[in-house]
Amino acid sequence: MSEALSLDALIHQRLAALTPQEIHLHDDSAAHAGHAGAASGGGHFELTLVSPVFAGVNAVARHRLVYQALGDLIPSRIHALSLRAYAPGEL
């Protein structure tokens, strides 16, 4: 089922578990062409995520929640992830 989804759609689907109010996902893979991670097919992404799940949670725990949601996509399909995670009202 998930193999038919684009990587962008799959990332959004996985992040839905965090009940996001905002997701801004930018695929920056083209800027990293020739990089060792790009050679294996893994993409480079910038993600800004606003979720009420992050309220009262420190930055390390927020990142862990995102990495847990994305699970097996890292490092095979996502080589690098620049992450900014906020609770509502923090932006």
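What you see is a predicted model; the values in this text were computed from it and never measured. (Residues numbered from 1 in each chain as written. Predicted model: local features only at pLDDT ≥ 70, side-chain atom pairs only at ≥ 80, totals over all residues. Heavy atoms only, no water.)

Contact geometry for helix 1 (residues 7-15) and helix 3 (residues 59-70): axes closest at 8 Å, N-to-C directions at 125°. Classified by the interaxial angle, the pair formed by helix 1 and helix 3 is oblique. Crossing angle aside, the handedness with which helix 1 passes helix 3 is right-handed. Here helix 1 contributes Ile11, Arg14 and Leu15 to the contact with helix 3, which in turn contributes Val66, Ala69 and Leu70. (Axes fitted to C-alpha atoms, helices over the stretch in contact; angles between N-to-C directions. Helix = DSSP H or I, 4+ residues; strand = E, 2+ residues; numbered from the N terminus. Parallel < 35°, antiparallel > 145°, perpendicular 65-115°, else oblique. Left-handed = near helix turned anticlockwise from the far one by under 90°. Contact = heavy atoms within 4.5 Å.)

Our next topic: the pairing of strand 3 (residues 78-86). Both strand 2 (residues 43-50) and strand 3 contribute to a ladder of 8 bridges, which runs parallel. Its bridge partner being in strand 3, Thr48 is matched across the sheet by Arg84. (Pairing = 2+ DSSP bridges.)

Another point: the sheet that holds strand 2. Read from one edge to the other, the open sheet built from 3 strands follows the order 1-2-3, with strand pairing classed as mixed. Of all the strands in the sheet, the pair left with one neighbour each is strand 1 (22-27) and strand 3. Ignoring which end each strand starts from, the neighbouring axes of this sheet average 15° apart. In the packing of helix 1 onto the sheet, contacts are made with strand 1, strand 2 and strand 3, and the angle to strand 1 comes to roughly 150°.

Spatial relationships are all this shows, so hold off on functional conclusions.
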